[in-house]
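The chain contents come next:
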Amino acid sequence: MKHGKEEKTTVLSFSNPVKSRLGGETITRCYQCGTCASSCPVAKINPQFNPREIIKLSLLGEEAEVISSDAVWLCCSCYNCQERCPQKVEIADVIYALRNIAFEEQHSPDIYLEFASALMNNGRLIPISKFLEKKRPDYGLPPLQPTGVEALKKILSAIGLGGQSQKEEAK
Amino acid sequence: MEEVEVGVFLSDCGKQLSKILDFNALTNYVEKISNVTLVKRDSEFWRGEGLQTIVDAVTSGKINRIVVAESLPKLSEVNIVQAVENAGLNPYLVEVIDLKDHCAWPHRETPREATEKAKAMLVAAIERAKLLEPIEKLEFPALKSALVIGGGIAGMQAAVDLADLGFKVNLVEKAPFLGGLAARAGRFFPTDDCAICIQSPASDVKTITHTSRKCVYRSGFSEIPNLNILTNSKVTDVEGGPGNYKVTIEKRPRYVNELKCVRCDLCTPVCPVEVPDEYNAKLKTRKAIYMNIPNVHPPVYVIDDSVCKFRGCAKCVEACPTDAIELDQKSEQVTLNVGSIIVATGFQEFDSSIIKEYHYGDYSDIITHLELARMIDGFGPTGSVIIRPSNRKPAKKIVMIQCVGSRDRRWNAYCSGICCMISLKHAMLVKTAYPNADVTICYIDIRTTGREHERYYERAREMGIKFVKGRPTEILRDPKTNKLIVDVEDALLKRFLELEADLVVLASAMMPAEGTGELAEILGLELDEDGFFKEYNAKLRPTETKLRGIYLCGGATFPKDAPTTSLHAHSAAMKAAKFLTTGKIVKDQRTAIINEEYCGDCEFCPVTCPYGAISLVPTTEEHFVAQVSDLLCEGCGVCVGTCPLNAIELRHSRPNQMLVQMKALMSVNGTSKPLVLAICCSECGHTAVDSSGMAMMQYPANVRVMKVPCTGILQVHQFLEAFKAGAQGVMVVACKSDGCHYEVGSQKAETKVELARTLLKEYGIEPERLVMFGMVFIEGDKFAEAAHVMTERLAKLGPLQMKGEA
Amino acid sequence: MTSYALFLGCTIPARQPNYESSVRKSLSKLGVELVDLPNMTCCAPPPIESINLESSMSIAAYNICLAEEANLDLVTLCSGCFQSLAKTNAMLKADKHLKAKINSILSHTGKKFEGSKEVKHYLQVLVDDISIKRIRQSISKPLHNLKVAAFYGCHALRPSELLKLDDPENPRILDDLIEALGAKSVEYQNKLKCCGGLLRGVSDELALDLAREKLVNTSKAGADCITTLCPFCFIALDIGQIQLRSKLNETYDMPVLHYSELLALSLGIDPEELALDTHKIKIDKVIRKVT
């Protein structure tokens, strides 16, 4: 064995970027016990989604299969799996990390583009109707405070997402 | 003072080396060095005629310091030193170096440079030899007796071994009866026979014809000469050191006189106090006066003082025909003096109720394997019938779950190692007794790595035991039927199963026995990150500790099956016996010495010493001074490196010895390359240099090796001294930081190197001229490569320039 | 008087005046002041975490900074907001590298996360600041005879290591609060399973399957209503029933109420003031039992 020369292996070419990403750090701890799958309310009724399988595919380097399929978007973010995982794999966060990659590669369901532009434009995911805003005094509710949309735009552009959501808006 | 006269003996290894090194030049060079009075050259000096030359020179009184250049110095040194000692010279006045593997072989392509390096090596050895001082042999008396802590199979086996060998043995068990976990486990894999047979003590020594295994309850265990058994007892304090420990034991009252009790069992029927029997998985009750099972050891009743009404009742006292019951017994302190201690405290089952989703403790039909073992045991609470505790009806559908609390980062990250086999054993025992029982094992990985163990697994499959690869997420209970439901994914079929069960058995993790941490504190032993006792070296010294005289065996170091526990126990007993057998400890005074005038009682050294060899003792009312125990000191020098006031030195590696060596190694270059000083620890570092030479790996001759006992000895100013002496770069080569032969030396050196690098900047020296490397013997290639890299780096940096020379 | 900065989030002001008014009015009656701070934003919940975790964490941290500046602890009504904010708060407090990373992003907004404040769900305020005992003493219309199915949802409880609201496998906080009102908390199967709310819009079918399970199990257990502590669970179970009826012709007619609504009713607050017309599934039978 020669020192200083690392051979590149295809197997790790996907688990490494996942592992180095926020949320994906714990993926290689997985030993495929299936606690996550049997904890998952979605997996039990939809064979398309199985967290154990998604992690296995990711660890084996099946990037395309993980990122381009719908499966990764079927997680209901209930954190049951993460709570019970004996290896403390942060499974829900790993799924977020995978979704983040999929989003960057433009493989996300359309609704996420709507979320992104709503956030960028209003600082909120759900717009507040003028009707409801006017009705607030009737319900004995105080007027709404202004939203910090400018700060939010600064955050998104610092991360490099500002342009992206504008692109989506253009669509 | 006697004039120093150095004899130098140069071996050319049957002229092999003279093809590379110019021995005439070396001889001429050495002869001119002051105080060298004799120079000899031969093909070998470590045996035969060559060795006789050295002996003759010593006996004739011509020389009183010896430098030998010999190949394989780690082997030859032993012979040479022994011969020199026999000839009447102190063996520590000898310096052996290796011109073959450290010079000729690795520099064979540059013979001229190699010869120049050999000169430097020789002058360094000679200058060091001149400063060597005689070191005395010390003798400490040791008691020929031992304490064994823990009366499970490990402790019992070790105790019997030592007692058979004639040592006085004290066996201390905290429970009222011997046997530990083993006795509760009932049967053992892979033989499926009863857990508690041990080698009969009498068989080894007394009755030669009797070589069969013996049940501990039939073995006359308590009658073994030299064996003192203390049950219901706990070690509370240990003072002293190897060979002479003073042990304090708290012996809790049994309330039954061991000599009078005849086991007539007239006491239990009259006892009005009935409590759930924990020993038997609470599947039955016991009285306040009780024995675990009929065949316990010692065969004497005990009173549970947490529930007994004592004088308010005293019915047992009336019933006892031999007046054995003594309700007035009090706890007593027993003091023992022993030469050695064996720790055999074992392990315990993890409390699975912490894993809420499994509902152990909530639903009574969820039990652990230790509890199932009680049901399987004929002496157990159900008489070998497997029942559902909730309704006491037979359990027909059984699901076992592996890795409950082990391989689980939330609780115990390690694999307990024995649970797979325990589950297979219990599944098969159940299936043998009830062929129609439906037994399923849910597993993550089945681990059957021992002899016969894989065959065991195969037999389980043959018997129709079902295996599901998957760790269940939850155990539910159907409120209507009271059946348990195990919710699991069969990962191989990718199918979700809801396994119905009458009884769920958890393979709970095995963790360090209760009180392990406390005992470690009392003994001064370290625990590993999982809380088990840490052995000296897992590979070669698995039953020794870093403290001479204290040994470990059985589950105290990690969960073990019975065969491994037995091996371990015999090993610990052997090590203890070797230590105890002569009744004395003989040890060279290769130890640290304190300069009391400089000592500032700062507590750095006592805290840092990995062997607890340094203590602070009062001199005047306000002043303390560090004191080294020659018995405990291992001579590593970590204290030297730690002392901020230079108040400590090693007798065999004084600062002035290191300094002359350093200067001498840098005094001759002979190459066009920048000089590098490689300071190597005597363990992994120096042997890695050996192995690169043995394999004839080539590296440049400007790299010069200096050996120190452990790199932990190094002080920051020594790096600066090396640069001042002419080194353009310094390599520190040591054991890897987690594999240091002196526990903490490499880590200490790393800190020192870091600190020195910052300091170097102050002097205008590039910090990358000082680098630390961790390697092991077989990584000779790593050393050769590091030597190349360092040389190239220094060539690029150009000559060293010190700014504002201090 | 105890004061908190109120983090209202997006869904509640947009969809659930019933939730907002019942919390504001109950807490005010129990002596807790809620302060409305300007310039808060979306909490950056799972939909944003799915897009980019660094962004969501920065946005959450930004909102916590506003509370830090006002020197107030934060209280949330929505479990989604609670999880985003409390998780971020705990992670940044524990990991200085992550904190530095997020602070470098926040520097563009002129904020700096210090880690000096707590994020609480309003249930914690009820239990810790007011106490079960005081609630029991304060109610004027106890809910005797009412059988309530406590539904915790996911995001108030998990990941428990970071949120620390209650034992994730055996939570009691909501059950205790229900019983403080004199009502009975009924046990039902799979109590801790997800409502499916976050799958709405991604896979409506799957979302309804999960909601259905809750409705079936609570009905089986004989509950008069389900009580929730999150607007998403509320939507999944309330509007979910309308969808189950229109798409699949399944009728459950199970009233769904926020805990704060039950609280407000038993504190004697006039139902007229609670915007109860927000409910898609009528809650008349619950009101009848109260009055």
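Along each chain, residues carry numbers from 1 onward, in the same order as the chain's sequence is written. Labels are handed out in written order, letters beginning with A for the chains and numbers beginning with 1 for the ligands. In view of the model being predicted, local features appear only for residues whose pLDDT reaches at least 70, and side-chain atom pairs are presented and counted only at 80 or more, with totals across whole chains, interfaces and linings using the full set of residues. Hydrogens and waters are ignored; side-chain quantities use all the structure's heavy atoms.

Draft legend 1. Quick look at the interface of chain A and chain B. Counting from both sides, the interface comprises 23 residues of chain A and, opposite them, 21 residues of chain B. The term salt bridge refers to a pairing of a side-chain nitrogen on Lys or Arg with a carboxyl oxygen on Asp or Glu at a separation within 4 Å. Inspection of the region where chain A meets chain B yields four salt bridges. The partner of Glu53(A) in a salt bridge is Lys494(B), with the nearest N and O atoms 2.8 Å apart. We define a polar contact as two N or O atoms separated by no more than 3.5 Å, with the added condition that, inside protein, one atom must be a possible hydrogen donor and the other a possible acceptor, whereas residues neighbouring each other in sequence contribute only through side-chain atom pairs. At the boundary of chain A and chain B, one finds 18 residue pairs in polar contact (both at pLDDT 80 or more). What makes two residues a contact is simply this: any of their non-hydrogen atoms within 4.5 Å.

Draft legend 2. Structural view of the nonpolar core. In plain words, nonpolar cores are sets of buried Ala, Val, Leu, Ile, Met, Phe, Trp, Tyr and Cys residues tied together by side-chain atoms within 4.5 Å. Throughout this description, buried means an accessible area under 20% of the type-specific maximum (1.4 Å probe, protein chains only), exposed means over 50%, and partly exposed covers the range between. By size, the foremost hydrophobic cluster in this structure holds 145 residues, and its most contacted members are Val42(A), Leu74(C), Tyr122(C), Leu123(C), Leu126(C), Ile135(C) and Tyr259(C). Ranked by the residues each element gives to this core, the list is headed by helix H4 (residues 53–69) of chain C, at ten residues. Not counting residues up to four positions away in its chain, the partners in contact with Leu123(C) are Ile173(C), Leu174(C), Leu177(C), Leu229(C) and Tyr259(C). Membership of the second largest hydrophobic core comes to 106 residues, among which are Cys13(B), Ile20(B), Ala83(B) and Val732(B). Per the convention used, a helix needs a DSSP run of H or I reaching at least four residues, while a strand needs a run of E reaching at least two, with both numbered from the N terminus.

Draft legend 3. Structural view of the interface of chain A and chain C. Counting from both sides, the interface comprises 58 residues of chain A and, opposite them, 64 residues of chain C. At the surface where chain A touches chain C, the tally comes to four salt bridges. Two residues, Arg136(A) and Glu20(C), come together in a salt bridge whose shortest N-O distance is 2.5 Å. The interface formed by chain A and chain C contains 19 residue pairs in polar contact (both at pLDDT 80 or more). Those elements giving two or more residues to the side of chain A that touches chain C turn out to be helix H5 (80–84), helix H6 (91–104), helix H7 (110–122), helix H8 (130–135) and helix H9 (149–159) of chain A. Here the nonpolar group is Ala, Val, Leu, Ile, Met, Phe, Trp, Tyr, Cys and Pro; Asp, Glu, Lys and Arg are the charged ones; every other residue, Gly included, is treated as polar. Split by residue class, the side of chain A that touches chain C holds 35 nonpolar, twelve polar and eleven charged.

Draft legend 4. Region of the structure containing the sheet that holds strand E29 (residues 503–508) of chain B. Residue and element names in this part refer to chain B. For two strands to count as paired, DSSP must find a minimum of two bridges between them. As summarised here, the arrangement of the five strands in space is E22-E29-E23-E24-E25, forming an open sheet in which the pairing is parallel. The sheet terminates laterally at strand E22 (366–368) and strand E25 (466–469), the two strands that pair on one side only. Averaged over all pairs of adjacent strands, the angle between strand axes in this sheet comes to 25°, irrespective of strand direction. With four bridges joining them, strand E24 (residues 438–443) and E25 adopt parallel strand pairing. Counted as the bridge partner of Thr440 is Lys466 from E25. All axes are obtained by fitting lines to C-alpha atoms, using only the stretch in contact for helices, and the reported angles, taken between N-to-C directions, cover 0 to 180 degrees. Sitting on the sheet, helix H11 (residues 369–376) touches E22, strand E23 (397–404) and E29, and the angle it makes with E22 is about 90°.

Draft legend 5. Structural context of the packing of aromatic side chains. Any two of the Phe, Tyr and Trp rings considered here, Trp counted by its six-membered ring, make a pair once their centres fall within 6.5 Å; the pair's planes then place it as stacked at under 30 degrees, edge-to-face at over 60, or tilted in between. Applying the stated rule across the entire model yields 15 aromatic pairs over all chains. Seen from their ring centres, Tyr112(A) and Phe115(A) are 5.4 Å apart, and the 80° between their planes marks the pair as edge-to-face. Pair noted here: Tyr112(A) and Phe115(A) are both in helix H7, with a separation of three residues, about one helical turn. Here Tyr112(A) falls in the buried class, since its relative accessible area comes to 4%. We classify Phe115(A) as buried; its relative accessible area is 18%. Measuring from ring centre to ring centre gives 6.3 Å for Tyr443(B) and Phe467(B), while their planes differ by 70°; the resulting arrangement is edge-to-face. Highlighted residues: Tyr443(B) in strand E24 and Phe467(B) in strand E25, separated in sequence by 24 residues.

Draft legend 6. Geometry of the domain arrangement of chain B. Residues and elements named next belong to chain B. Just so you know, the domain bounds were taken from an automatic or database domain assignment. With domains assigned, chain B is organised as domain 1 (1–135), domain 2 (145–252 + 337–345 + 513–580), domain 3 (267–324), domain 4 (350–510), domain 5 (589–650) and domain 6 (653–806). Counting residues at the interface gives 13 residues for domain 2, matched by twelve residues for domain 3. In short, buried area is how much 1.4 Å probe accessible area vanishes from two parts on joining, totalled over both. Taking both partners together, domain 2 and domain 3 bury about 1100 Å²; carbon and sulfur atoms supply 61% of that area. Counting the contacts that link domain 2 with domain 3 gives one salt bridge. Measuring nitrogen to oxygen at the nearest pair gives 3.2 Å for the salt bridge that ties Asp305 to Arg252.

Draft legend 7. Seen up close, H11(B). All names here are of chain B. Where burial is concerned, most of H11 is hidden: eight out of the eight residues are buried. Regarding H11, the residues found buried are His369, Leu370, Glu371, Leu372, Ala373, Arg374, Met375 and Ile376. Of the surrounding elements, those touching the buried residues of H11 are helix H7 (180–185), strand E21 (347–349), E22, E23, helix H12 (419–433) and E29.

Draft legend 8. Looking closely at the domain arrangement of chain C. All names here are of chain C. By the assigned domains, chain C splits into domain 1 (2–121) and domain 2 (141–290). On a C-alpha basis, the centroid separation for the pair domain 1 and domain 2 is 24 Å. In this complex, domain 1 contributes 27 residues to the contact, which on the side of domain 2 involves 26 residues. Both faces combined, the contact of domain 1 with domain 2 buries some 2200 Å², and carbon together with sulfur accounts for 70% of it. Counting the contacts that link domain 1 with domain 2 gives eleven residue pairs in polar contact (both at pLDDT 80 or more). Of all the secondary structure elements, the ones that give two or more residues to the side of domain 1 that touches domain 2 are helix H1 (11–15), helix H2 (17–29), helix H3 (46–51) and helix H5 (79–94).

Draft legend 9. Fine view of the pairing of strand E37 (residues 676–681) of chain B. Residue and element names in this part refer to chain B. With six of its six residues buried, E37 lies for the most part within the structure. Burial along E37 is two-sided: the face carrying Val676, Ala678 and Cys680 and the face carrying Leu677, Ile679 and Cys681 are both buried. In this sheet, strand E38 (residues 703–708) lies alongside E37 in parallel orientation, the contact comprising six bridges. The residue of E38 that forms the bridge with Leu677 is Arg704. By definition, the crossover connecting two strands over a helix is right-handed if that path, from the first strand to the second, turns clockwise as seen with the strands pointing away from the viewer. Of the crossover connections in this fold, the one passing from E37 over helix H19 (residues 684–694) to the parallel E38 is right-handed. Pairing analysis gives five bridges linking E37 to strand E39 (residues 729–734), with the strands arranged parallel. Looking at E39, one finds that Cys680 is bridged to Val733.

Draft legend 10. Region of interest: the pairing of strand E40 (residues 770–774) of chain B. Residues and elements named next belong to chain B. For E40, a buried count of four out of five residues is recorded, marking the element as mostly surrounded by other parts of the structure. Taken together, the five bridges between E39 and E40 define a ladder with parallel strand orientation. Bridged to Met731 within E40 is Val771. Where the polypeptide runs from E39 across helix H21 (residues 745–762) and back to E40, its parallel neighbour, the crossover connection is right-handed.

Draft legend 11. Looking closely at unusual backbone geometry. With an omega of -5°, the peptide bond between Phe189(B) and Pro190(B) qualifies as cis. By secondary structure assignment, the location of Pro190(B) is in the loop between strand E8 (187–188) and strand E9 (193–194). Following Arg158(C), the chain continues to Pro159(C) via a peptide bond in cis, the omega torsion being -5°. Within the secondary structure, Pro159(C) is located in the loop between strand E5 (147–150) and helix H9 (160–163). Backbone geometry at Asn35(B) places phi at a positive 70°, although glycine is not the residue there. Structurally, Asn35(B) is set in the loop between helix H1 (23–31) and strand E2 (36–42). The phi dihedral of Asn39(C) is positive, around 70°, even though this residue is not glycine. Relative to the elements of secondary structure, Asn39(C) occurs in the loop between strand E2 (32–36) and H3. Under the relative-accessibility criterion, Asn39(C) is labelled partly exposed at 35%.

Draft legend 12. Examining a nonpolar patch on the surface more closely. Nonpolar side chains collect at one region of the surface, where Leu72(B), Leu75(B), Met694(B), Phe777(B) and Ile778(B) lie side by side and expose about 510 Å² of accessible area between them. Examined against the element boundaries, Leu72(B) turns out to sit in the loop between strand E3 (65–69) and helix H3 (73–86). A residue counts toward a patch only above 30% relative accessible area and without a salt bridge, and it is joined to like-charged neighbours within 9 Å or, for Val, Leu, Ile, Met, Phe, Trp and Tyr, to nonpolar neighbours within 5 Å. Each accessible area value is a Shrake-Rupley result obtained with a 1.4 Å probe; residue values ignore everything except the protein chains displayed when judging cover.

Draft legend 13. Focus on the side chain of Arg407(B). In this fold, Arg407(B) is placed in the loop between E23 and H12. On the basis of relative accessible area, Arg407(B) is assigned to the buried category, the value being 8%. In this structure the side chain of Arg407(B) is engaged in a polar contact, spanning 2.9 Å, whose partner is the side chain of Asp445(B). Setting aside chain neighbours within four positions, we find Arg407(B) in contact with Tyr31(A), Pro86(A), Gln87(A), Asn412(B), Ala413(B), Tyr414(B), Cys415(B), Ile444(B), Asp445(B) and Arg447(B).

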